[in-house]
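# Structural overview for review
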Amino acid sequence: MSAPSDFPAARRIKWVARFGALWVLIVLGRLVHVQVIRHEFYLKKAEDQQIVKEEVQALRGTIYGSNGRILATSTEAASVYVHPLQIPKEHVAFSAEVMGRALDLDIQQLQQKLQQTRDKKHGFVWIKRRVTHEQYERLRSFNLRWVHFVFEGQRRHYPNGMLGASVVGVVQNHPRPPDRAGENSGANSNRPQEKLHHRIEYIEDGVAGLELRLDRELRGQPGVIFTLTDGKRRGIESFPNSPAVPGTNFGLTIHESIQAVADRELLKAVREEGAEAGMLVAMEPHTGRVLAISNIQRRPAGSNASESEFGFRSNLAILAPYEIGSVAKIITFAAALETTSLTVDSTFSSNGSIARKGRVISDERAYGTLSLQDCFVKSSNVCTVQVAERVGLKNLGEYYNRFGLGARTGVGLPGENSGDLRAFVQPDGMTLDSASIGYGVSATTLQLALAGSVIATGGLRPKPNLVLWRQAPGQARQWVTPPAPERVLRPETAHALTG
Amino acid sequence: MGVDETGQGGPANRTRQTDCLLRAFPNEDVCFWTKSIDNSGVVPEDDPKSTGTRWRLFWSFWLAVMTVSILLLPHAHNIFVGYEITNLESQVRDLSNDITALDVEIERALNSGQMDQAAQRQDYSAPMVGSIFYLQPAGDSALAMNASSR
């Protein structure tokens, strides 16, 4: 009997087995090549195709008033694009009408645009960039499968309009510079998805007010998310490489109601007086918390007709110093009470005018003999000049400084002006007389509010502040303790000036 | 199967009458007979190993299916859950944005300008400086005085 292997069938099976083994060896060899030898190469290739890198912009922090009303906040801004080839031919007109109405666009032009891109077999067309949230909601509610949204940065809202606008400031939206976009997109910037969308990341920069001063804290830190996607670019899994950290929220000392009343009354006063501008500062004298800063500036003739007659954003109260006039008498009389032997009962005479160095300083009328207190009450220039001559230039200059004039208050707003006390540095013969009644020197409205606070607090000069609390994401609200006021006058001096 | 052994169809017996006939095809005279075999009475002997083989095949297949399932199911499950998670993340983002947008809408509706306009429409007036209005504690609705009613 022959061995089984001698049968032709057995030989054929042997050959098939040998061929199968060879095939397995080839496959195994290829697997080793792909999985072991070229492992890194194919891994990177797969990641490039499957993993989408997306920079997520941190949501800018919200700014609240002291009563919790929102003064500034941000929402993500969506842009709308369409896949024209997904629109059924008979629905092009309908689609154009829906999108036109939802996005406030010209329907005819939109239909033409859609038809043209369809005819050219283009699979992508922008419809509108950075739409408002209302437009986004309107269009999203139709749930059209050919309409797609992509978030391109944020949109800043000031829902209370001009309330506290000069303090809050404003942001400016602009596309991320190419160099910054490049450094963030890295090696994956040429992915088809990004080419398709031509997505532009818009960023917001604070350009005025607290939006500028607190910009670094408000803007947070952008994050990077890697998303594993399938062939249709649907996300399967997200890997937050560095999660975006939202900006810090701030609560301001600005009291919404006081600010609204201040704005309204100041506008009324400016209108009634026909003034070019008006500034108003309200603050808590003991804490230095600024309750309202109102600024109104008449726009120059011939300016943009679409704008209102008045502007509210320029913070003239800290930017624009002016000669303080009779407010300076507070300083002069305080200096007199503290640096001379004069008392509130000391007497001075006013004949209606007084000549100094060839100039005449006059009162509204001849008051006759007045006590120092009455000189202050009647705001007599003639008496004040006589008091100042007892005080002397050096002491008067020092008290100007004690009341916070001639130096920035440190309120925390950009561009604050320090006022002008150069007259004390380079005095002439009239400096003392002029400065005693507030001429030749200048200060901002905020500095004057601060000077008034010195009297109201019995001689303590507070440090003005605008931030009531701050809240970093995920943390408790941190209340800001107002800086301790500095004593600059004796209590009895302040009392004498108010008594 | 059988063969015609008479030889009548052979070449030697051909006559003038038959010359005109076509010759037979080769093996034309080979006939086949079929015989049906009845195997109904044959009963295969039971293979004592066949049942075990069947069960082994069944369990091997089941084990293979389970192994593949155990290996693949978590991955498949992860993919489906991943779709759901990314979808939910997107929804969270949308909802968060919606909440902020609604907050903005509320603020817009209640801002001081809107309140002033509403007050004008309702003929409310701001109290004069130094004047104090005492509201009668008549009920919850007595929150403000109407200028025209004074």
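What counts as what
- Residues numbered from 1 in each chain as written.
- Chains lettered and ligands numbered in written order.
- Predicted model: local features only at pLDDT ≥ 70, side-chain atom pairs only at ≥ 80, totals over all residues.
- Heavy atoms only, no water.
- Helix = DSSP H or I, 4+ residues; strand = E, 2+ residues; numbered from the N terminus.
- Buried < 20%, exposed > 50% of the residue type's maximum accessible area, 1.4 Å probe, protein only.
- Contact = heavy atoms within 4.5 Å.
- Areas by Shrake-Rupley, 256 points an atom, 1.4 Å probe, with all protein chains shown as cover.
- Salt bridge = Lys/Arg side-chain N within 4 Å of Asp/Glu carboxyl O.
- Axes fitted to C-alpha atoms, helices over the stretch in contact; angles between N-to-C directions.
- Parallel < 35°, antiparallel > 145°, perpendicular 65-115°, else oblique.
- Left-handed = near helix turned anticlockwise from the far one by under 90°.
- Nonpolar A, V, L, I, M, F, W, Y, C, P; charged D, E, K, R; others polar.
- Pairing = 2+ DSSP bridges.
- Disulfide = S-S within 2.5 Å.
- Phe/Tyr/Trp six-rings, centres within 6.5 Å; stacked < 30°, edge-to-face > 60°.
- Lys NZ or Arg CZ within 6 Å of the ring centre and 35° of its normal.
- Buried area = accessible area lost by both parts, 1.4 Å probe.
- Expected span 1.5 Å × (residues − 1).
- Polar contact = N/O pair within 3.5 Å; in protein donor to acceptor, adjacent residues only side chain to side chain.

### Some remarks on the overall build of chain B
A tally of helices and strands in chain B yields 3 helices and 2 strands. From first element to last, N terminus to C terminus, chain B shows the α and β order β-α-β-α-α. Buried residues in chain B amount to 7% of all 150 residues. At a minimum sequence separation of 6, the contacts of chain B that also span at least 24 residues come to 40%. Summing over all exposed atoms, chain B offers an accessible surface of approximately 13,500 Å²; the carbon and sulfur share of this is 61%.

### A look at the pattern of salt bridges
According to the stated counting rule, one finds 25 salt bridges over all chains in the structure shown. Across the pair A:K268 and A:E265 runs a salt bridge whose closest N-O atoms are separated by 3.8 Å. Pair noted here: A:K268 and A:E265 are both in helix α11 (residues 256-273), with a separation of 3 residues, about one helical turn. For B:R108, the salt bridge is made with B:E105, and the minimal N-O distance between the two is 3.3 Å.

### Some points on the packing of helix α13 (residues 328-339) of chain A against helix α15 (residues 381-391) of chain A
For any two helices packed against each other, one specifies the inter-axial angle together with the distance between the axes. Residue and element names in this part refer to chain A. At a closest axis distance of 9 Å, the pairing of α13 and α15 adopts a crossing angle of 40°. In terms of their interaxial angle, α13 and α15 are classed as oblique. The element α13 and its partner α15 pack so that their crossing is left-handed. On α15, the residues touching K329, T332, F333, A335, A336 and T339 of α13 are N381, T384, V387, A388 and V391. Partitioned by chemical class, the residues of the contact of α13 with α15 number 6 nonpolar, 4 polar and 1 charged.

### As for the sheet that holds strand β13 (residues 310-311) of chain A
Residues and elements named next belong to chain A. Spatial strand order, β11-β12-β13: 3 strands in an open sheet with antiparallel pairing. Unpaired on one side and paired on the other, β11 (277-283) and β13 mark the two borders of the sheet. Alignment of strand β12 (residues 290-298) against β13, held across 2 bridges, turns out to be antiparallel. By the bridge assignment for β13, R298 is matched with F310. Contacts from α11 reach β11, β12 and β13, with the element oriented near 30° to β12.

### Regarding the state of the cysteines
Residue and element names in this part refer to chain A. All told, the structure shown has 0 disulfides over all chains when counted by the stated rule. Considering cysteine sulfurs only, C375 is the nearest to C383, which forms no disulfide, with 3.1 Å between them. By relative accessible area, which is 0% here, C383 ends up buried.

### Considerations on the packing of aromatic side chains
Each aromatic ring pair is characterised by the separation of its centres together with the angle its planes make. Enumeration according to the criterion identifies 14 aromatic pairs over all chains in this entry. For the ring pair A:F41 and A:Y42, a centre distance of 5.0 Å and an interplane angle of 75° mean the geometry is edge-to-face. A:Y42 sits in the partly exposed class, given a relative accessible area of 29%. Relative to B:F58, the ring of B:W55 has its centre 5.6 Å away and its plane inclined at 90°; by these criteria the two rings are edge-to-face. Residue B:W55 and its partner B:F58 are located together in helix α2 (residues 50-110), separated by 3 residues, close to a single helical turn. Members of the aromatic cluster, connected to one another through ring pairs, are B:W55, B:F58, B:W59 and B:W62. Here the basic side chain of A:R38 rests over the ring of A:F41, its NZ or CZ set 4.3 Å away from the ring centre. In this structure, A:R129 is placed above the aromatic ring of A:W126, and the distance from its NZ or CZ to the ring centre is 3.9 Å.

### Side note on the interface of chain A and chain B
With 27 residues of chain A at the interface, the matching set in chain B holds 22 residues. Summing both sides of the interface, chain A and chain B together bury roughly 2,000 Å²; the carbon and sulfur share of this comes to 47%. Between A:R69 and B:E107 there is a salt bridge whose closest N-O contact spans 2.9 Å. Listing elements by their share of the side of chain A that touches chain B, those giving two or more residues are β3 (70-82), α5 (133-142), β5 (147-157), β9 (235-242) and α11 of chain A. When the residues that make up the side of chain A that touches chain B are grouped by side-chain class, the tally is 7 nonpolar, 10 polar and 10 charged.

### A short note on helix α4 (residues 107-119) of chain A
Residue and element names in this part refer to chain A. Across its 13 residues, α4 extends 18 Å between first and last C-alpha, which sits within 8% of the 18 Å expected from 1.5 Å per residue. In this structure D106 caps α4, since a side-chain oxygen of it lies 3.2 Å from the backbone nitrogen of Q108. Once α4 ends, the next one or two residues include K121, with phi positive near 60°.

### Some thoughts on the environment of A:S379
Residues and elements named next belong to chain A. Among the structural elements, S379 can be located in the loop between α14 (372-378) and α15. Separated by 52 residues in the primary sequence, S379 and V327 place their C-alpha atoms 9.2 Å from one another. Every residue in contact with S379, bar those within four places of it in the chain, is listed here: S326, K329, D363 and D374.

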